[in-house]
Each structure stands twice: as structure tokens, then as C-alpha cells.
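Per-entry structural report
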Number of protein chains: 2
Amino acid sequence: MLIVKKFGGSSVADAKKVFNVANLIVEDYKKGNDVIVVVSAQGDTTDDLIAKAKEINPKNPSKREMDMLLSAGEQISISLLAMAIETMGCPVISLLGWQAGFNTDSHHTVARIKNINGERLKKEIDKKKIVIVAGFQGINKYDDVTTLGRGGSDTSAVAIAAALKADLCQIYTDVDGVYTADPRKVPNAQKMDAICYDEMLELATLGAQVLNNRSVEMAKKYNVELEVRSSLEPHKSGTIVKEKVKMEKTLIKGVAKDNNVASISIVELEDKPGIAFKIFNKLAQAKINVDIILQSIGRNNTKDITFTVSQDNREDAIAVIEALKDTLDFKAVTYDEGVSKVSIVGAGMESNPGVAAKMFEALFDAGINIRMISTSEIKVSVLIDENKADEAVIAVHDKFVN
Amino acid sequence: MLIVKKFGGSSVADAKKVFNVANLIVEDYKKGNDVIVVVSAQGDTTDDLIAKAKEINPKNPSKREMDMLLSAGEQISISLLAMAIETMGCPVISLLGWQAGFNTDSHHTVARIKNINGERLKKEIDKKKIVIVAGFQGINKYDDVTTLGRGGSDTSAVAIAAALKADLCQIYTDVDGVYTADPRKVPNAQKMDAICYDEMLELATLGAQVLNNRSVEMAKKYNVELEVRSSLEPHKSGTIVKEKVKMEKTLIKGVAKDNNVASISIVELEDKPGIAFKIFNKLAQAKINVDIILQSIGRNNTKDITFTVSQDNREDAIAVIEALKDTLDFKAVTYDEGVSKVSIVGAGMESNPGVAAKMFEALFDAGINIRMISTSEIKVSVLIDENKADEAVIAVHDKFVN
């Protein structure tokens, strides 16, 4: 059986943890499995490297050089993990993104995997070696190092599982599975045995932080069955993420909160055809993901457009809008970072029109004001004040799950 | 003019120093020169990484994984230096060893450069970019990362200068040139304006620590003129290292000390033909450089062989000898690390038979016992007690230079 295992940075933060992970790997290997492991940079390495870059250039170091810098982090963790496995007498080899065949596009810091040339991986597996791969990184067609952005190691693991048709893709995290809400915040949160890709995708996008959304997208596309497990309790069964899950009794699958949200408003924008296209097209070109969009009803031939982006993209997004000043007529661009997005997710939702209303009722009962609303077939999201977010999650969760 | 500049780890140890180096580079670039820069890992990075490896495996982590680990160090320094140059508005790009075309053999941790594919370097230079190259590293034919060993960044710089026929190759160090002895230890030490390759080679080999010997060998082979300069006083002229230097008044060019020496003795070795070949051939195969060799006069059909290696190689060398136990008959292998090698170097030496005697006289006058002696056409080395080494250097230096 070919198993792909992914471990995050906290799972390999120090020598003791590296050996814990090495033990898990060797255990599977000694059962006769082929094992490929994807690892992130150790603990705070990435943050430390970012701090070094900010010392040199606090504002805008080039993204190409940031990728060069940050990709050193996994290089350290893979070699250390390989050394730990060596001490246990198992054949092992570590591979960087480019060595493992990760070809990406050229969008530095948020690159997308174009394909994996699995030749080297297969060769090492054929030699019965445990292969340790640097997550989060690849190279573009110019042979420059790229990184896949936040949570990119999950994507690396799924991509390998897809390319090599692995039998199992296990994502080890610091929680033991996917819950109906954050178990640290919501006492009644329940662990799910299984969840389907679309639901997981919504939860991931909404900041449940268990799995990176691009990894779930890719798992769905290539039908890679994922298992989310705890690296602290590695022998406890986790949550399976797959195509179809039989309907469970609760209507919603989870309540998620995302504090990494900034809302940006373009105030008194001249109302003429094509402005929305112009704005959001430019943002898309700048690779900025826009989430909720709210457009006010016009007044004096102007209107206000408010949208949300992740906080990391806030500055870039404002710069994009400011650069449109020549072609668009507006009074000001303002932003607010003190907001949070709370969402409910569940595949049965679209055929139950009362779900959104029930959520709004829960928030109303808790005295929480809703600033923006967004809905899709399987989720309802609201934007609220950040300091009310935890309270809102509990209120909404307890309304649906009990 | 194409200039190759090399900066060691202490020159880029923190953000301030990175900017100092960036200034020097930009200064040359703005004069219209093409500039390629080779950098080592920042300050203590390499030592920190070695410490991490030792936490995992204190004895013998595989050399392949050590190379993977250590090469992350330059990856950090090159990207930070590139970021600093970006803030000054100059086009710049950082390249890892493999991106810069460094092809090496497969002797991990002590790899030798086989060739440089200068295509990428030329392309970036043609685009008028300043190119920052990770020193010390390359890849072998299997696409595995290799490192060049101690002082390898000097070699990287010379190799680029040779491959691209650079007009100048400047090695920045923490001293302002090559001295007749270590100026921190010998008050009378004098800086030389120029020194020839062979003399520099002896000084480098003998631990003068200004230039790595492999880099001087390569400079001699490809006739690359080197300039040793201070990164602290970058505008002060340094020492030129080239093929021929006009004879100067002093007979010897320098006195050097090397504490990184271990002497190993094979005691009561059965005396039969071919044993020296067997021993030193095996050591050579293990890539262990043997320096001085002393063979005792036989007794009872046995003899003792004593030789010196660098301290890093001591354990490996002993292991090689122990492994010969089946084919060679000897009583014991012993070693001594409390030794130091003191040497005098000068091209005029071979035609002056009194030079060695003069050195021995200086040591005798200072009451220092000589344990082993080795001579070549342009140097005389003696092995003495380590705690007498500084005293010996001053005594010998003052006998020749005044």
C-alpha cells in the first residue's frame, strides 16, 4: 500500500517531536507499506525567516526572493526528519520541491501546482526508501523556486497522492479530526467520522483551519480520499474526507469562524456600467481573492461597494483600487479589520430554506449585529464585529447541533 | 568589466552588515560593471544547523542529509542580500548553487566542482542584473544537493570567475590582506602587496585561514587573479594573489599556524612490503587528507607509523585503520590532538639550504620541542605542542622578518 502522510510545522518543532513523527512513519513502513511524507517548516521557522526579511525591507521585498528565503525552512525540516529515520535503521531520502518534481506556475508566494513529475519519487520508492518531501514549494518554468502559500503543504501531500495514485493520504494536525465547530471554543462541538469534499471545502475556506482549501479542491478533483488525524494521538481514528457521505441527522456540518478578514469600502463611487467588472477583474489579476461583496443602493448617481479580503491582501487590494483612480471616480477607500466571518456549512442546506433564518435568529437572540451576508448552496456566512465572533459561534452552533 | 565578489558569513551576519555589503556591490554596479556576488551563510547559521543535526544524531548523520541541511544556510543569506539591493533600486536576482550551474562530484560534504554551466549566470548578467550566488553548494549528477566543504565559498567565487572569465575576483575577509604571520598574534607581522599562487597555497593549506586552499588551487589552474580585501575597510587595497610576483627582500613569505591537527600513530606494525601503500591508499579512498607522515626505524620486525590529519578527520581515519586489522598486524592505534603545526613559506627557500636550520634554531632558542618535520620546495613545517604554538610563531617570525 502506498501511503502519503503530511505533518505540519508544529509536529516537527523540536528534536523530540521529530522522533515522534519518525516513529509513526517507520511503523507504517515496517508493515510493508511504501511511505511518502510531506513536511512543513519546523515550528516558528517561517515566522523567523519573515522577521529577517522585514528587518531588511519592512514593506515589499520581492515575492521571488521571499520564496527563495522561505523555502529554506522545509529544507531544514526534511533533512532533520530523514536523519531521525536513519537512526532507526530504515532507508530514507529527503527531496526538495524541485527534486520531487513539483512544477508550478510563476505566481510567487501563491503559486499553483501545474503538474508533478513523479519519476524521482517512484525511483526512490522502488528502491524501498522512505521519501521525505519538502511541502509548500516547487519551481516554475524558469527554474525559480516558488511557494504555494498558506497551508501549501496540505496541497503538496494531496498532489503527490493524486500523481502516484496513493491508497491513503493522511493529514496530521493538532486536532483529531473535523468538528462541527472549533472544540476549543464551543463546548458542544462534535467530531465527525466523515464529511464530503464540498462541505469540507466550505469549512476550509471559512477558516476552520483544519485543511487548506486548495488541498481539498485538489482532493475532490482527483478523488483522493483524505484522513485528518491528530499527530498527538496518532492511533485515534480521525475524520475521512471523501466524495459522498451518507446523510447524518444534523442538517449542518459545522460552524466556522474566520478572523483573517478585512472589509474594504469604496465610498461614493460614480455609478456607471462596468465598474464592478473593472474593480474585481483588477483584483483577480493581482491574485487577490475577494469573498463577500456588498453593493449599496445608489444615491446621487453614486454608490458604495464593500467587499472582504483576507487581512494579508488588504494593503495590496487598496493599492489596486487606488491605482484605478484615473479611470474610476470615487471619494475614498476605507477599510475595517475588526470584523470576523461566521459561517454554517451543510450539504442539505439548499433544500431547507429555513436554515439561514434560523442562523439569523440565533444571532439576534444573542444581540449580535450582522454587517454583511453571503450565501451559497451549502453555506451561509455573516460578517460581524470581531469581538462578538466567539459568542456568535457558540450561539449558532447550539441552535443547530445538540 | 565583470567583477566577482565573495563575502563570508561574518560579513552578512546581521541586517546592518547585509546593507554594508549591498552598498559595496551597488557602488561597483553603478560604475557600469557587471557584478556577480558569492555569499556564505550568515554568521552562526551553519553552526546552528549543525547543532540541530547533532540533536537528532550526535554521531553520524548521513552526509547527503547534512548537505541538504547546511545548504539552507546560503539560501537564507542570498535572498536577504538580494532584498537589501532591491531597496536600493538595482535589479538583482539570487541563485542557488544548482541554479547557477554548479555541477559537482558526489562526495557529499567535500564535493569538488566538475564544471559550471554558466548559461543562467550569463543570461541574468545580460539582463543587467546583479547576481547573488549561494556559495559552498552545487548538485551532483543525481540532482542531489552537495556542499564543497570548509571555505567552499571561496572556491565557488573562483570557479565563477574562471568559467565566466571575470576581470577581477575579490575575496572579502575580516583581515585586509595576507600577512607574513597572523597579525593578531605576531606584532611584527607585515602585510604583503602581492603573493604568488604557490606561496599562497602553502599558507592556505597551513591554516593561515585567509583563503581556502582549493580556491587557490583553482585560481592557479585557471589563472584567476585574486584580491584579498577587508570587508570592514573595503576601500583599502588588499593583497593580490597571482602567478608571478617579483622577488621581495624577505626570503620567507609567511609563518602560519594550524591547530586543526591530530596526529595518529599505528604502533608496532608488522613490517612487510606494501603496508604504507595499503594504509594511505585506504585513507585516500575515504577522502581523508594526510599531511605529515613519519615512519620509525624498524625494531623486532615491527615499526611505528605516525601521520597527521585535520581534527575533523581523526575519527574517520582511525576507523579506516581499525578496519584494516584483518589484513595488517599491529598492536594499537593511538592519537594526539594537543598538537599544532607551524610552518614557514617562501618561494626562494629551495635554493637556501640554511632556511630550515634557521627555523629549528629559533625554536631551540625558545625551548620548543619539535615532534615531526616536513619540508617541501617552498615550505618547512614542524609539529609541536599546541600550547607552545603562538610562542613558536613569534619566535620563528622574528627570526626571519624584521
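Structure: see above.
A short tour of the structure in this document, coming up. Given the structure is predicted, the values throughout are model-derived calculations rather than measurements.

Now for the overall build of chain A. Counting its secondary structure elements, chain A contains twelve helices and 18 strands. Referenced to the eigenvectors of the C-alpha coordinate spread, the extents of chain A come out at roughly 75 × 50 × 35 Å. Burial status across chain A gives 56% buried among its 402 residues. Within chain A, residue pairs in contact and separated by at least 24 positions form 74% of the contacts whose partners lie at least 6 positions apart. Of the charged side chains in chain A, 51 are positive and 56 negative; the average position of the first set lies 3 Å away from that of the second.

The next subject is the nonpolar core. When a protein is soluble and globular, its nonpolar side chains tend to lie buried together. Grouped together as the largest cluster of nonpolar side chains are 80 residues, with contacts concentrated most on Ile132(A) and Ile132(B). The residues touching Ile132(B), leaving out its near neighbours within four places in the chain, are Ile25(B), Val37(B), Val39(B), Ile78(B), Leu81(B), Ala82(B), Ile85(B), Val92(B), Ile93(B), Ser94(B) and Leu95(B). Within the second largest apolar cluster, 46 residues are counted, among which are Leu2(A), Val131(A), Leu211(A) and Ile378(A).

All names here are of chain A. An ideal rise of 1.5 Å per residue puts 16 Å on twelve residues; helix α11 (residues 354-365) measures up with 16 Å between its terminal C-alpha atoms. Among the residues making up α11, those that are buried are Val355, Ala356, Met359, Ala362 and Leu363. End-on, the buried residues of α11 take up no more than an arc of 120 degrees, which puts them together on one face. Set apart from the buried face of α11 by more than 90 degrees, the exposed residues are Phe364 and Asp365. Buried positions along α11 lie against β16 (332-345), β18 (379-385) and α12 (389-400). Gly367 lies just past α11 and shows a positive phi near 70 degrees.

Quick look at the relation of the copies chain B and chain A now. Placing chain B over chain A gives an RMSD of 0.1 Å and needs a rotation angle of 180 degrees, together with 0.0 Å of translation along the axis. Here the copies are linked by what is in effect a two-fold axis. Taking C-alpha positions as reference, the residue of chain B nearest the rotation axis is Ala72(B), located at 2.5 Å. Both copies present the same face, since 100% of the interface residues in chain B are matched by interface residues at the equivalent positions in chain A.

With that out of the way, let us pick up the pairing of β18(A). All names here are of chain A. Most of β18 is tucked away: six of the seven residues are buried. Summarising the sheet, β16 and β18 pair through seven bridges and their orientation is antiparallel. Residue pairing in the sheet places Val339 in a bridge with Asp385 of β18. Direction of pairing for strand β17 (residues 372-376) relative to β18: antiparallel, over a ladder of five bridges. In the strand pairing of β18, Met372 is matched with Leu383. With antiparallel pairing between neighbouring strands as the criterion, β17 and β18 make up a hairpin whose turn holds two residues.

Enumeration according to the criterion identifies five aromatic pairs over all chains in this entry. Residues Trp98(A) and Trp98(B) carry aromatic rings whose centres are separated by 4.1 Å and whose planes lie at 25 degrees to one another, so their mutual orientation is stacked. Within this pair, whereas Trp98(A) is found in the loop between β3 (92-95) and β4 (102-104), its partner Trp98(B) is found in the loop between β3 (92-95) and β4 (102-104), the two belonging to separate chains. Judged by its relative accessible area of 12%, Trp98(A) falls in the buried class. When the ring of Phe280(B) is compared with that of Phe307(B), the centres are 5.4 Å apart and the planes differ by 80 degrees; the resulting orientation is edge-to-face.

Across the contact, 42 residues belong to chain B and 42 residues belong to chain A. The three residues of chain B that bury the most area against chain A are Ile56(B), Met83(B) and Trp98(B), which together make up 20% of that side's buried surface. Our count for the contact surface shared by chain B and chain A stands at two salt bridges. The shortest N-O distance in the salt bridge between Arg120(A) and Asp144(B) comes to 2.7 Å. Inspection of the chain B/chain A interface yields 18 residue pairs in polar contact (both at pLDDT 80 or more). When residues of the side of chain B that touches chain A are traced back to their parent elements, those giving at least two are α1 (15-30), α2 (45-56), α3 (63-70), α4 (72-87) and β3 of chain B. With eleven residues, α4(B) is the largest single contributor of residues to the side of chain B that touches chain A.

Our next topic: unusual backbone geometry. Despite not being glycine, Lys165(A) has its phi angle at roughly 50 degrees, a positive value. Looking at where Lys165(A) falls in the secondary structure, it is placed in the loop between α6 (152-163) and β9 (168-173). On the basis of relative accessibility, which here comes to 68%, the residue Lys165(A) falls in the exposed class. Located in the positive-phi region is Asp143(B), a residue other than glycine, with phi close to 70 degrees. Structurally, the position occupied by Asp143(B) is in the loop between β7 (137-139) and β8 (145-147). Residue Asp143(B) is classed as partly exposed on the basis of its relative accessible area of 36%.

Paired through their backbone hydrogen bonds, the strands of a sheet run either parallel or antiparallel. Residues and elements named next belong to chain A. The sheet built from eight strands is open, its strands ordered β3-β6-β2-β1-β9-β11-β12-β10 with mixed pairing. Edge positions in the sheet fall to β3 and β10 (194-196), since each of these pairs with one other strand and no more. The mean inter-strand angle of the sheet, taken between neighbouring strand axes irrespective of direction, is 20 degrees. Across four bridges, the pairing between β3 and strand β6 (residues 130-134) is parallel. When the sheet's bridge partners are listed, Leu95 is paired in β6 with Val133.

Before going further, it helps to examine the pattern of salt bridges. According to the stated counting rule, one finds 52 salt bridges over all chains in the structure shown. In this structure, the salt-bridge partner of Glu124(B) is Lys127(B), at a minimum N-O distance of 3.7 Å. Notably, a salt bridge pairs Glu124(B) with Lys129(B), separated by 3.8 Å at the nearest N-O pair. According to the relative accessible area criterion, Glu124(B) is buried, its value standing at 2%. Relative accessible area serves as the criterion here: at 23%, Lys129(B) is assigned to the partly exposed category. A single network of salt bridges, built from pairs that share partners, joins Arg64(A), Glu65(A), Asp144(A), Arg120(B), Glu124(B), Lys127(B) and Lys129(B).

A few words now on the sheet that holds strand β13 (residues 254-270) of chain A. All names here are of chain A. Judged by pairing direction, the sheet is antiparallel, and its six strands sit side by side in the order β14-β15-β13-β16-β18-β17 without closing on themselves. With partners counted over all chains shown, the strands left at the sheet margins are β14 (293-295) and β17, one partner each. Geometrically, the sheet is characterised by an average inter-axis angle of 25 degrees between neighbouring strands, direction not taken into account. One ladder, built from eleven bridges, connects β13 with β16; its direction is antiparallel. Its bridge partner lying in β16, Val267 is registered against Ala332. Helix-sheet contacts for helix α9 (residues 275-285) involve β13, β14 and β15 (302-309), and the interaxial angle to β15 is about 25 degrees. The sheet strands contacting helix α10 (residues 314-323) are β13, β15 and β16, and the helix crosses β16 at an angle near 130 degrees.

Reading the values: rules and limits
Residues numbered from 1 in each chain as written. Chains lettered and ligands numbered in written order. Predicted model: local features only at pLDDT ≥ 70, side-chain atom pairs only at ≥ 80, totals over all residues. Heavy atoms only, no water. Helix = DSSP H or I, 4+ residues; strand = E, 2+ residues; numbered from the N terminus. Buried < 20%, exposed > 50% of the residue type's maximum accessible area, 1.4 Å probe, protein only. Contact = heavy atoms within 4.5 Å. Lys, Arg positive; Asp, Glu negative; His and termini not counted. Charge placed at Lys NZ, Arg CZ, Asp CG, Glu CD. Core = buried A, V, L, I, M, F, W, Y, C linked by side-chain atoms within 4.5 Å. Expected span 1.5 Å × (residues − 1). Arc of directions from axis to C-beta. Least-squares fit on C-alpha atoms with pLDDT ≥ 70 in both. Pairing = 2+ DSSP bridges. Phe/Tyr/Trp six-rings, centres within 6.5 Å; stacked < 30°, edge-to-face > 60°. Buried area = accessible area lost by both parts, 1.4 Å probe. Salt bridge = Lys/Arg side-chain N within 4 Å of Asp/Glu carboxyl O. Polar contact = N/O pair within 3.5 Å; in protein donor to acceptor, adjacent residues only side chain to side chain. Axes fitted to C-alpha atoms, helices over the stretch in contact; angles between N-to-C directions.

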